[in-house]
Amino acid sequence: MIRKLLPQIIIKQQNIIKPINKFNPTIIRLFGTNNRNNNNNINNNIDNEREIGKQILLARKKRNKNTNIKSFLSGDDKELKNIIDRNRDRDTVASSNKQFQEQQQQQQQQQQQQQKQLEEQKEQQYRDGVNSDIIKSIKSKIQVKTKKEVEEEKHNILEFTGRKEIAHGIFINPDLAKSDRRITIVTGSETKELEAKELANYLELDYLPLQQVLKLPNEIFNYQSALYVQPKGVTLHDFENLQPSTKGNRDVRKMMSEVLVDFTQGTIAYRTDFGKNGKSPLVRSTSLASGKYAETILDVTGGLGKDAWILASFGSNVTIIERNPVLFYLLENALSKALLNPDTAEIAKRITLIHKDSIEYIVENLKNPQQDKPEVIFMDPMYQPKKSDKSASKKDIRAVRKLVGGDRDSTTLFALSRRFASNRVVWKRPKGTLPFNPDIEYKSSDTCFYVYLKK
């Protein structure tokens, strides 16, 4: 019976070997060897069939995921076909899930790009709309304007910036003629309280009792200077050099750098009585010749009035122009006191005090050809001190600098003074700061008086 079945087995083996030949040459060699052995030894065919069956099952297991395995499967091998179908379905599901994830990611990226493009388009549209609105507004404003309209527009701009044009190309700042709100009026005397309040109303400043000034918390105390009304007069004090300390969780401060404007006592009165200023650079620079003093002098930067008082003590009629209301009050108060003193009344009578901006005053007088011109114009504008400048430590200079600020318009003032003075302009400046080439120079230890003669 085995002999009868042997040809059929060989044919079946050959049919199986043909497709396996594409995938496993080792099996082909194995099958070829076994076939030759079967022709020689029939007894070993059964063992060979078992060996072949094992090899076939092994090949099937190794190739169960390969889609090409159908080429060597028989139609009756349903179990292996089902295994391959399940594997294909699993791979299909995995690949479909991966494709779905990739599609989702692509869709998200596309949505983000579209959203970004929309935002850029909106932003560009907004910019275009704003630019178009600006261009339209500019085009609507571009029109032929009359001279009156141009002047009105210019006036509005200057009014907005706080400047005022008093002549063609000449400007002043009216705010500099107003009181600085960082100054307060103080008194510690009950008898002087009414006077202090009246002074506060006159200068449009705040009034505070002395105890509040000394003990107010630093968080709400924003004053830098004070006018202290006391029996000996009104003194100017500096709050910059405070010495705060903590006692009972309260701030304690002191009013520093007392400045008193008084021509009847102190150093200024001593130098006036004994004629100690005859050879000073101030007097020499303002003299028209040796021993001949100017009859009329215009002091365009009054300050504390010391220079003007010295010049008036040599017989000159001095006009002081001061725009700062606090300095003007101190000078006015000091001149009133000097007029009541027999020793200083004659000098005080030769001094005229005017509350006005010096540039505005000169421009107004230049417009009037019949106005008498002063022989000498004296100017001592405030300047920022150097670190090595000794005058930086003087309390009166520091106090005035805090009131009037820095040098803003000295160049304009100098140019107008050259036109207005009939003989000369004297410019007092610190050493080493030469603004223009002077005709004559008079020097002191730390100051120079530059003389510009009328030509």
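Details of the structure are given in the entry above.
Okay, so let's go over this structure. (Residues numbered from 1 in each chain as written. Predicted model: local features only at pLDDT ≥ 70, side-chain atom pairs only at ≥ 80, totals over all residues. Heavy atoms only, no water.)

### Regarding the overall build of the protein chain
Check the secondary structure of the protein chain and you find 15 helices and 16 strands. Counting every position in the protein chain, which comprises 455 residues, the buried fraction comes to 37%. Counting contacts in the protein chain only where the partners sit at least 6 residues apart, residues at least 24 apart contribute 59% of the total. For the protein chain, the computed accessible surface area is about 29000 Å², with 49% contributed by carbon and sulfur atoms. (Helix = DSSP H or I, 4+ residues; strand = E, 2+ residues; numbered from the N terminus. Buried < 20%, exposed > 50% of the residue type's maximum accessible area, 1.4 Å probe, protein only. Contact = heavy atoms within 4.5 Å. Areas by Shrake-Rupley, 256 points an atom, 1.4 Å probe, with all protein chains shown as cover.)

### Here we look at the packing of aromatic side chains
Tallied over the entire structure, the rule returns 7 aromatic pairs. On the basis of an interplanar angle of 5° and a centroid distance of 4.5 Å, the ring pair of F263 and W309 is categorised as stacked. A residue pair is termed long-range when its members are at least 10 positions apart, and F263 in the loop between β9 (256-260) and α8 (267-273) and W309 in helix α10 (residues 306-313) qualify at 46 residues. Under the relative-accessibility criterion, F263 is labelled buried at 4%. Taking the relative accessible area as the measure of exposure, W309 reaches 0% and is therefore buried. With 4.8 Å between their ring centres and 70° between their planes, F414 and Y452 make a pair best called edge-to-face. Of this pair, F414 sits in helix α15 (residues 410-420) while Y452 sits in strand β16 (residues 447-453), placing them 38 residues apart in sequence. Through pairs of rings, three or more aromatic residues link up here, namely F414, W427, F436 and Y452. (Phe/Tyr/Trp six-rings, centres within 6.5 Å; stacked < 30°, edge-to-face > 60°.)

### Concerning empty space enclosed by the protein
The full count for this structure, using the stated rule, is 1 cavity of 30 Å³ or more. Estimated volume of the largest cavity: approximately 40 Å³. The wall of the largest cavity is formed by V283, T286, Y293, A294, I297, L311, F314 and S316. Looking at side-chain class alone, the lining of the largest cavity contains 6 nonpolar, 2 polar and no charged residues. (1 Å grid on protein atoms, 1.4 Å probe; cavity = no way out; pocket = protein on both sides within 12 Å on 5 of 7 lines; lining within 4 Å. Points joined across faces, edges and corners; volume = space filled by probe spheres on them. Nonpolar A, V, L, I, M, F, W, Y, C, P; charged D, E, K, R; others polar.)

### Details of α15
Within α15, the full set of buried residues consists of S410, L413, F414, L416, S417 and F420. As for α15, its buried residues are in contact with β2 (170-172), β10 (296-299), α13 (358-366), β13 (376-379), β14 (424-430) and β16.

### Some words on a positive patch on the surface
Together, K373, R418, R419 and K454 make up a region of like positive charge exposed at the surface. Position of R418 among the secondary structure elements: in helix α15. (Patch = residues over 30% accessible without salt bridge, like charges linked within 9 Å, V, L, I, M, F, W, Y side chains within 5 Å. Salt bridge = Lys/Arg side-chain N within 4 Å of Asp/Glu carboxyl O. Lys, Arg positive; Asp, Glu negative; His and termini not counted. Charge placed at Lys NZ, Arg CZ, Asp CG, Glu CD.)

### Topic: the packing of α13 against α15
Look at α13 against α15: their axes get within 10 Å of each other, and the N-to-C directions meet at 30°. Here α15 runs roughly parallel to α13, going by the angle between their axes. As α13 packs across α15, the resulting crossing turns out to be left-handed. Of α15, the residues touching α13 (which contributes S358, I359, I362, V363, N365 and L366) are T412, L413, L416, S417, R419 and F420. (Axes fitted to C-alpha atoms, helices over the stretch in contact; angles between N-to-C directions. Parallel < 35°, antiparallel > 145°, perpendicular 65-115°, else oblique. Left-handed = near helix turned anticlockwise from the far one by under 90°.)

### Description of the packing of helix α6 (residues 193-203) against helix α11 (residues 325-340)
Axis separation between α6 and α11 bottoms out at 11 Å; the angle between their running directions is 135°. Between α6 and α11, the angle is such that the two are oblique. For the crossing formed where α6 meets α11, the hand is right-handed. Where α6 approaches α11, its residues L199, Y202 and L203 are matched on the opposing element by P325, V326, F328, Y329 and E332.

### Digging into the pairing of strand β4 (residues 206-209)
Strand direction decides the pairing type here: strand β3 (residues 183-187) and β4, joined by 4 bridges, are parallel. Within β4, the position partnered with V186 by the bridge is L208. Chirality of the crossover, the property in question, places the unit of β3, α6 and β4 among those that are right-handed. (Pairing = 2+ DSSP bridges. Right-handed = clockwise from strand over helix to strand, strands pointing away.)

### With respect to the nonpolar core
Core analysis: the biggest nonpolar cluster contains 51 residues, and I185, L227, F263, W309 and L330 have the highest contact counts within it. Sorting elements by how many residues they give to this core places α11 first, with 9 residues. In this structure, I170, I172, I359 and V363 belong to the second largest nonpolar core, which totals 22 residues. (Core = buried A, V, L, I, M, F, W, Y, C linked by side-chain atoms within 4.5 Å.)

### Digging into the environment of I183
Checked against the element boundaries, I183 lands in strand β3. Taking the relative accessible area as the measure of exposure, I183 reaches 2% and is therefore buried. C-alpha of I183 to C-alpha of L205: the two residues are 22 residues apart in sequence and 6.8 Å apart in space. Apart from the residues lying within four places of it in its own chain, the contact partners of I183 are L205, D206, Y223, S225, A226, L227, V326 and L403.

### Observations concerning the sheet that holds β3
Taken together, 5 strands build an open sheet; the order of strands is β4-β3-β5-β6-β9 and the sheet is mixed. Strands with a single pairing partner mark the edges of an open sheet, and in this sheet they are β4 and β9. Strand-to-strand twist in this sheet, taken as the mean axis angle between neighbours without regard to direction, amounts to 30°. α6 rests against β3, β4, β5 (225-230) and β6 (233-238) of the sheet, and its axis sits at about 165° to β3. Relative to the sheet, α11 contacts β3, β5 and β6, its axis offset from that of β6 by approximately 145°.

### Description of the sheet that holds β10
One open sheet accounts for 7 strands, arranged β12-β11-β10-β13-β14-β16-β15; its pairing is mixed. Each having just a single partner strand, β12 (351-355) and β15 (440-443) make up the two edges of the open sheet. Strand-to-strand twist across the sheet, computed as the mean angle between neighbouring axes with direction ignored, equals 20°. In the sheet, β14 pairs with β16 via 7 bridges, with the strands oriented antiparallel. When the bridges of β16 are listed, R429 appears paired with C448.

### Details of the pairing of β3
Summarising burial for β3: 5 of the 5 residues are buried, a large majority. Of the two faces of β3, the one carrying I183, I185 and T187 and the one carrying T184 and V186 are both buried. Here β3 runs beside β5; their pairing, made up of 5 bridges, is parallel. By the bridge assignment for β5, I183 is matched with S225.

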